[in-house]
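A structural walkthrough
Given next are the chains, with one letter for each unit.
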Amino acid sequence: MFAFANFCTYFRGTYSVWISKIQVNHPAVLRRAEQIQARRTVKKEWQAAWLLKAVTFIDLTTLSGDDTSSNIQRLCYKAKYPIREDLLKALNMHDKGITTAAVCVYPARVCDAVKALKAAGCNIPVASVATGFPAGQTHLKTRLEEIRLAVEDGATEIDVVINRSLVLTGQWEALYDEIRQFRKACGEAHLKTILATGELGSLTNVYKASMIAMMAGSDFIKTSTGKETVNATFPVAIVMLRAIRDFFWKTGNKIGFKPAGGIRSAKDSLAWLSLVKEELGDEWLKPELFRIGASTLLSDIERQIYHHVTGRYAAYHDLPMS
């Protein structure tokens, strides 16, 4: 096993040269993405089982300008009770403790989320976006302070955004140093680094940024903020997952993966689970190493579970609001 500290020690030497020489085979990535999209999904009880598993990977998210304490409270309640209890009883899953993996909010709403989850009597983690989300174009000092404040308020996971200009101009050492500072500011909180892949220009840049983020101490690498024109796509995911696999082979360290942005349907979630299973194996199919950032996905999964149990699709009033 290659010591992780060696990356920190030697980055400006051997590894900076290695990063500069990386090239991604774009046509091969696109062919692999087409295979995933063309594959038939699982059906019936197997589909229901996979959908319930998908629920446990969701970072249930609200990142709106009109967020208030009341809708954060509703979000947290839905995170604890993601699927209607009678549906879970019909599947004999009511006593399995199924919840979402986390709730994800703006820094100013962290206190609301922590308070709501405490009142609900559960220990679902609170994730906060930070570092000038979504653009990452504020001063570094301000971005670091935003991390510290979110952690002080009770966030145990921090989703940071990188400065995309560092990638686009090839300033890999500067990107490494920036993420190292984010890592330090997080303290014990998990660091999820958002690459905003739709704004990185090429799949080669996606691979390089993924590697730098992992070398710098990220616990997860995440595709997108959900605010870009292009968010989570299969070609990007394949490149990031291969980077995670390469990093694991080199260091023995397992880094998590989080697609986010545009994942809205139950069918989408099944495709993402299948991709992670095929590229990284069953070891990564747990909340500690795989998350899905989504705000509306859970509603569609619950509708599909309802259909599986009852044989009909739910009316709007049949399922509780999140």
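Residues numbered from 1 in each chain as written. Predicted model: local features only at pLDDT ≥ 70, side-chain atom pairs only at ≥ 80, totals over all residues. Heavy atoms only, no water.

Right, let's get into the overall build of the protein. Along the backbone of the protein there are 13 helices and eight strands. In terms of overall size, the protein behaves like a compact globule, its C-alpha atoms giving a radius of gyration of 19 Å where 322 residues would be expected to give roughly 20 Å. Principal-axis analysis of the C-alpha atoms gives the protein an extent of 60 × 45 × 35 Å. Buried positions account for 51% of the 322 residues belonging to the protein. Restricting the contact set of the protein to residue pairs at least 6 apart, pairs at least 24 apart contribute 77%. For the protein, the accessible area works out to roughly 14700 Å², and carbon and sulfur atoms hold 51% of it. Positive and negative side-chain charges of the protein, numbering 41 and 32 respectively, have mean locations separated by a distance of 3 Å. (Helix = DSSP H or I, 4+ residues; strand = E, 2+ residues; numbered from the N terminus. Rg over C-alpha atoms; globule rule 2.2 N^0.38 Å. Buried < 20%, exposed > 50% of the residue type's maximum accessible area, 1.4 Å probe, protein only. Contact = heavy atoms within 4.5 Å. Areas by Shrake-Rupley, 256 points an atom, 1.4 Å probe, with all protein chains shown as cover. Lys, Arg positive; Asp, Glu negative; His and termini not counted. Charge placed at Lys NZ, Arg CZ, Asp CG, Glu CD.)

A few words on the sheet that holds strand E3 (residues 126-130). Reading across from one edge, E7-E6-E5-E4-E3-E2-E1-E8 is the order of the eight strands in this open sheet, with parallel pairing throughout. Both outer strands of the open sheet, strand E7 (256-258) and strand E8 (292-294), are each paired with one neighbouring strand and no more. This sheet shows a mean twist of 25° between the axes of neighbouring strands, independent of strand direction. Its contacts with the sheet put helix H7 (residues 140-152) on E3 and strand E4 (157-161), and the angle it makes with E4 is roughly 165°. (Pairing = 2+ DSSP bridges. Axes fitted to C-alpha atoms, helices over the stretch in contact; angles between N-to-C directions.)

This next bit is on the UniProt feature "active site" (unreviewed entry) in the protein. The UniProt entry lists Lys 222 and Lys 258 under the feature "active site" (unreviewed entry), expressed in the numbering used here. A maximum C-alpha distance of 4.5 Å is found for the annotated residues, which run over 37 residues; spatially they form one tight group. Following the sequence through the fold, Lys 222 ends up in strand E6 (residues 220-222). Non-local contacts of Lys 222, meaning those with residues more than four positions away in its chain, are made with Asp 159, Thr 193, Ile 194, Leu 195, Ala 196, Met 240, Lys 258 and Ala 260. A distance of 2.9 Å separates a polar atom in the side chain of Lys 222 from a polar atom in the side chain of Asp 159. Within the secondary structure layout, Lys 258 lies in strand E7. Excluding residues that lie within four positions of it along the chain, Lys 258 makes contacts with Asp 59, Asp 159, Lys 192, Phe 220, Ile 221, Lys 222, Thr 223, Arg 291, Ile 292 and Gly 293. In this structure the side chain of Lys 258 is engaged in a polar contact, spanning 2.9 Å, whose partner is the side chain of Asp 159. (UniProt positions renumbered as here; feature names shortened; annotations may be inferred. Polar contact = N/O pair within 3.5 Å; in protein donor to acceptor, adjacent residues only side chain to side chain.)

The element E3 is largely enclosed, with a buried count of five among its five residues. Burial of E3 is two-sided: the residues Val 126, Ser 128 and Ala 130 facing one way and the residues Ala 127 and Val 129 facing the other way are all buried. Sheet topology places strand E2 (residues 102-105) next to E3; three bridges connect them, and they run parallel. Note on E3: the bridge partner recorded for Cys 104 is Ala 127. Tracing the backbone out of E2, into helix H6 (residues 110-119) and back to the parallel element E3 gives a crossover that is right-handed. Looking at chain direction, E3 and E4 are connected through four bridges and run parallel. Of the residues in E4, the one forming a bridge with Ala 130 is Val 160. Crossover handedness for the path E3 to H7 to E4: right-handed. (Right-handed = clockwise from strand over helix to strand, strands pointing away.)

Here we take up the pattern of salt bridges. Taken as a whole and judged by the stated rule, the model has 24 salt bridges. Among the ionic pairs, Arg 242 bridges to Glu 279, the shortest N-O distance being 2.5 Å. Highlighted residues: Arg 242 in helix H11 (residues 234-251) and Glu 279 in helix H12 (residues 266-280), separated in sequence by 37 residues. Several salt bridges converge on common partners, so that one network encompasses Asp 59, Glu 157, Asp 159, Lys 192, Lys 222, Lys 258 and Arg 291. (Salt bridge = Lys/Arg side-chain N within 4 Å of Asp/Glu carboxyl O.)

On to the packing of aromatic side chains, then. The tally for this structure, following the rule as stated, stands at seven aromatic pairs. Ring pairs connect the aromatic residues Phe 57, Phe 234, Phe 257, Trp 272 and Phe 290, which therefore count as one cluster. The ring of Trp 284 carries the charged tip of Lys 254 above its face, separated from the ring centre by 5.7 Å. (Phe/Tyr/Trp six-rings, centres within 6.5 Å; stacked < 30°, edge-to-face > 60°. Lys NZ or Arg CZ within 6 Å of the ring centre and 35° of its normal.)

For the rest of this paragraph, the subject is the environment of Thr 41. With respect to the element layout, Thr 41 can be found in the loop between helix H2 (26-38) and helix H3 (44-55). For Thr 41, a relative accessible area of 27% puts it in the partly exposed group. Spatially, the C-alpha atoms of Thr 41 and Val 206 are 28 Å apart, while their sequence positions differ by 165 residues. If we skip the residues at most four places from it in the chain, Thr 41 touches Gln 47 and Leu 270.

In this model, Phe 133 is joined to Pro 134 through a cis peptide bond whose omega is 5°. Take Pro 134: it is sitting in the loop between E3 and H7. The backbone of Asn 92 sits at a positive phi, close to 60°, despite the residue not being glycine. Along the chain, Asn 92 falls in the loop between helix H5 (85-90) and E2. Assessed through its relative accessible area of 51%, Asn 92 is described here as exposed. A positive phi angle, close to 60°, is found at Thr 131, a residue other than glycine. Position of Thr 131 relative to the elements: it lies in the loop between E3 and H7.

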